[in-house]
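# Coordinate analysis (summary)
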Amino acid sequence: MNTFAGGSIESVLVEKRVFPPPVEFAKSARISSMEEYRTLWNRAKDDPQGFWNDMASHLVWRKPWDKVMEWTEPHVKWYVGGQLNASENCVDRHCVGPRRNKAALIWEGEPGDRRVLRYQDLKREVGRFANVLKAQGVTKGDVVAIYMPMVPELVIAMLACARIGAPHTVVFGGFSGEALAGRIQDCSAKVLVTADGGFRRGNIIHLKEQVDEALAHCPTIRNVVVLKRTGHQIHMEPGRDHWWHEMASIASADCPPEPLDSEHPLFILYTSGSTGTPKGILHTTGGYLVGTTLTASWVFDLKEEDTYFCTADCGWITGHSYLVYGPLSNGATVVMYEGAPDYPDKDRFWQIVQDYGVTIFYTAPTAIRAFMKWGEQYARKHDLSSLRLLGTVGEPINPEAWVWYREVIGGGRCPVVDTWWQTETGAIMIAPLPGATPTKPGTATLPLPGVVPEVVTKSGEPVEPNQGGYLVIKQPWPSMMRTIHGDDERYRRQYWSEIPGVYFTGDGARRDHDGNFWIMGRVDDVLNVAGHRLSTMEIESALVHHKAVAEAAVVGKPDELRGQAITAFVTLKSGYQPSEDLRQQLRQHVAHEIGALARPDDLRFTDALPKTRSGKIMRRLLRDVAAGVESTGDTSTLEDFSVLARLRHEEE
Ligand code: WT7
């Protein structure tokens, strides 16, 4: 675990503006006062079992649980002995009353094609695809990999997996074939669901070609189901690849949901850690669904008549929890969009908000900063008066962007909810309740009921208000990850050993005098580039795979738009010379190994990297070099002082 830059952290943010919940909003909100919030929070803290017992009644259970929770640090089980099915909760239960004619999914493709699936349509399609999966040999417990563009079939595939108890692992369509292969190998997926391609900024993303490359190294995959989305020419491997539409046309739409143990795995989602390969974060059924259902309803104040638009891709946890499971379990209408926010022009999201009368909008700070840069004329072109609530997630939001979002997009009338959580936490942990919590730009404010966070020192001592420290969670919660797939030791080490007795988030934070949590970003070697988590080590290991590279060190550099940009320092093997051509080759090599989102923005050749006497690369110094600032921290452990001087020199 790294210490903060300069040894200790002090936040420079002093934000005085306070925005109480709009009176009109609070009147009809689900939780409508701080008293109500405090009562709930205190009850959950004092009697977690009783609280979470009651909260689980928001779901349909096939068999009641015998015990609310079993905790043997660091392993937890929730709703032990209970049985349920996530797809039944997200689909079937809404098909009995008038909701069955309600839109579950309103989808818009990038080229402008549109589809609406009512709850009963969704049920049919999910049932049909569950039968397709069964016909492909998938049985309860088999892992199904999904590598698709943002089309309704992606949601259908996820829910179909959930229906038959096959954990899904969704791989973001922007990841490369190599990255896809690594994930499939790690979880031994049996079947892959994919598409010929998808649309992005008017171009075709060639997914199937990446798949063909990946599957050369994935012996566990027996069958591939391919959705025809773009219609461009692709290779179909006889005996292995099957068209979605052909399989679906012969499958029955009737597939009863399988009752599953509360702790049955729902999905594995890979995310970057500070070391080594991506971690397969494992989430199970009952606790995850209780957490996402409840938080979606509290934080977004979901009402029957809402139209909810989440801009995240299903390849990330936000897409899992707040595009699929949370909102659908609440019976909400979800808007889903396939493509880029600036295609064909920079007002695409606002066109969508206007066309569908979106009431709740959830996006990332990096997107908000892009909207700001593009200018408010794009939002002004459209009628955004349907909006009543705005949300943000993924990284700390700078107060300017927060205020711009509130004023320009929200017309000054919509509460802004800054939601802090992680792939590992499964559901939102720290966020305002829009009808209760006074908000301040830049803070995710207060923990939700059932969440007990604290800011502590390395040894676990609470720090004084406004002092920086490590953000930890002190009580288990239902939607928390259960383990890292195939590596429980890593789970124990990374989350439960850094600071004794508590869950370590990897984030630095401070708490102000009102109790608000100000998240200050990662304290480990994890980058946050445009809200996407990337490991410096993963990028380094991609670089050293290249034949010309001897050593590599990757650091984040502050970036106005994307939060962080990627800078790589590279030393070459003898026989290789730095050149512009090699620089481009290496950047491209990383994109090929991981995905375009990991391509270093800046790649610098150097003849040595600054190291401690024990051989550890001193990233802190490299971060300063990348950012072009003087290092103020301690350099006494630096092995060779001249390296730093040379690095600076090479910059010029
Ligand atoms: C990391 C988790 C949770 C869905 C998106 C990212 C950062 C996330 C906030 C926020 C400040 C935030 C943290 C966290 N983060 N939301 N509202 N304010 N930082 O999920 O890829 O698992 O990344 O994103 O650093 O640890 P993820």
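Parameters at a glance
- Residues numbered from 1 in each chain as written.
- Predicted model: local features only at pLDDT ≥ 70, side-chain atom pairs only at ≥ 80, totals over all residues.
- Heavy atoms only, no water.
- Pairing = 2+ DSSP bridges.
- Helix = DSSP H or I, 4+ residues; strand = E, 2+ residues; numbered from the N terminus.
- Axes fitted to C-alpha atoms, helices over the stretch in contact; angles between N-to-C directions.
- UniProt positions renumbered as here; feature names shortened; annotations may be inferred.
- Polar contact = N/O pair within 3.5 Å; in protein donor to acceptor, adjacent residues only side chain to side chain.
- Contact = heavy atoms within 4.5 Å.
- Salt bridge = Lys/Arg side-chain N within 4 Å of Asp/Glu carboxyl O.
- Buried < 20%, exposed > 50% of the residue type's maximum accessible area, 1.4 Å probe, protein only.
- Core = buried A, V, L, I, M, F, W, Y, C linked by side-chain atoms within 4.5 Å.
- Near = heavy atom within 4 Å.
- Areas by Shrake-Rupley, 256 points an atom, 1.4 Å probe, with all protein chains shown as cover.
- Nonpolar A, V, L, I, M, F, W, Y, C, P; charged D, E, K, R; others polar.
- Parallel < 35°, antiparallel > 145°, perpendicular 65-115°, else oblique.
- Left-handed = near helix turned anticlockwise from the far one by under 90°.

### A closer look at the sheet that holds strand β25 (residues 517-522)
- Taken in spatial order, the four strands line up as β21-β22-β24-β25 in an open sheet, and their pairing is antiparallel. Here the strands that pair on one side only, and so sit at the sheet edges, are β21 (453-456) and β25. Strand-to-strand twist across the sheet, computed as the mean angle between neighbouring axes with direction ignored, equals 45°.

### Some words on the UniProt feature "modified residue: N6-acetyllysine" (unreviewed entry) in the protein chain
- The UniProt feature table records "modified residue: N6-acetyllysine" (unreviewed entry) at K616.
- Considering the arrangement of structural elements, one finds K616 in the loop between β30 (602-605) and α19 (619-627).

### Brief notes about the side chain of K303
- Here K303 lies in the loop between α10 (286-299) and β16 (307-310).
- Within polar-contact distance, the side chain of K303 engages the backbone oxygen of S28 at 2.6 Å.
- Residue contacts for K303: discarding those within four places in its chain leaves S28, A29, R30 and R388.

### Observations regarding the pattern of salt bridges
- Considering all chains together, one arrives at 45 salt bridges under this definition.
- Salt-bridge contacts for D113 lead to R229; the nearest nitrogen and oxygen are separated by 2.8 Å. Highlighted residues: D113 in the loop between β4 (103-108) and β5 (114-118) and R229 in the loop between β11 (223-227) and β12 (241-243), separated in sequence by 116 residues.
- Overall, R229 belongs to the buried group, its relative accessible area being 15%.
- Overlapping salt bridges, with partners in common, bring together E108, R114, R348 and D355 in one network.

### So, the nonpolar core
- Ranked by size, the top nonpolar core spans 172 residues in total, and within it F300 and Y325 carry the most contacts.
- The greatest single-element share of this core, amounting to 10 residues, is contributed by helix α6 (residues 152-164).
- For Y325, the residues in contact, after removing those within four places along its chain, are A86, C90, M158, L159, A162, H168, L266, F267, Y288, L289, T292 and H320.
- Membership of the second largest hydrophobic core comes to 33 residues, among which are W350, I368, A379 and Y405.

### Digging into the site of the ligand
- Inspection of the region around the ligand gives 17 residues, with D418, T419, T423, D507 and R533 positioned closest.
- Take P396: an N or O atom from its main chain is 3.4 Å from a nitrogen atom of the ligand.
- At 2.7 Å, a side-chain N or O of D418 approaches a nitrogen atom of the ligand.
- In the complex, 96% of the free accessible area of the ligand, which totals 550 Å², lies under the protein chains.
- Where the shell around the ligand is concerned, the elements lending two or more residues are α11 (317-329), β20 (416-419) and β25.
- Among the residues forming the shell around the ligand, the class breakdown is six nonpolar, six polar and five charged.

### A short note on helix α7 (residues 177-187)
- Among all positions of α7, only G177, A179, L180, A181, R183, I184 and C187 are buried.
- Buried residues along α7 sit against β6 (144-147), β7 (168-170), β8 (191-195), α8 (207-215), β14 (265-271) and α18 (580-593).
- Phi turns positive one or two residues past the end of α7, at S188, with a value near 50°.

### What to know about the UniProt feature "domain: AMP-binding enzyme C-terminal" (unreviewed entry) in the protein chain
- Summarizing the sequence annotation, UniProt attributes the feature "domain: AMP-binding enzyme C-terminal" (unreviewed entry) to residues 538-616 in the numbering used throughout.
- The span residues 538-616 is 27% helical and 32% strand by assignment, and the distance between its end C-alpha atoms comes to 16 Å.

### So, the environment of V463
- In this fold, V463 is placed in the loop between β21 and β22 (469-473).
- Separated by 255 residues in the primary sequence, V463 and K208 place their C-alpha atoms 51 Å from one another.
- The contact partners of V463, leaving out residues within four places of it in the chain, are V455, V456, T457 and G468.

### Looking at the sheet that holds strand β29 (residues 563-572)
- In spatial order, the strands read β28-β29-β30; together these three strands make up an open sheet with mixed pairing. Edge positions in the open sheet fall to β28 (549-559) and β30, since each of these has one partner strand only. Sheet twist, expressed as the mean angle between neighbouring strand axes with direction ignored, is 20°.
- Strand contacts of α18: β28, β29 and β30, with the helix running at about 130° to β30, the strand carrying the most contacts.
- Sitting on the sheet, α19 is in contact with β28, β29 and β30, with an inclination near 60° to β28.

### Some remarks on unusual backbone geometry
- Across the junction of E73 and P74, the peptide omega takes the value 0°, indicating a cis bond.
- Relative to the elements of secondary structure, P74 occurs in the loop between β1 (67-72) and β2 (75-80).
- Residue P344 follows Y343 across a cis peptide bond; omega there is -5°.
- For S188, which is not a glycine, the phi torsion comes out positive at approximately 50°.
- Mapped onto the secondary structure, S188 falls in the loop between α7 and β8.
- The exposure class assigned to S188 is partly exposed, which follows from its relative accessible area of 41%.
- Positive phi, normally seen in glycine, also occurs at R201, with a value near 50°.
- Counting through the fold element by element, R201 comes out in the loop between β9 (198-200) and β10 (203-205).
- Overall, the relative accessible area of 41% leaves R201 in the partly exposed class.

### Observations regarding the pairing of β25
- Bridge count between strand β24 (residues 503-511) and β25: five bridges; the pairing is antiparallel. Along β25, the bridge assignment pairs A509 with I519.
- Once β24 ends, the chain turns through five residues before running back antiparallel as β25, passing G515 with a positive phi of about 90°.

### Points about the environment of M69
- Mapped onto the elements of the fold, M69 is located in strand β1.
- Looking at M69, the relative accessible area reads 14%, which means it is buried.
- It is 9.2 Å that separates the C-alpha atoms of M69 and P476, two residues lying 407 residues apart in sequence.
- If sequence neighbours within four positions are ignored, M69 has contacts with Q49, V76, K77, W78 and P476.

### Observations regarding the packing of helix α5 (residues 119-135) against α6
- Between α5 and α6, the shortest axis-to-axis distance is 8 Å and the interhelical angle comes to 65°. As far as their axial angle goes, α6 and α5 are roughly perpendicular. The handedness of the crossing between α5 and α6 comes out as right-handed. Between α5 and α6, the contacting residues are L122, K123, E125, V126, G127, F129, A130, L133 and K134 on the first element and I156, A157, L159, A160, C161, R163 and I164 on the second.
- When the residues that make up the contact of α5 with α6 are grouped by side-chain class, the tally is 11 nonpolar, one polar and four charged.

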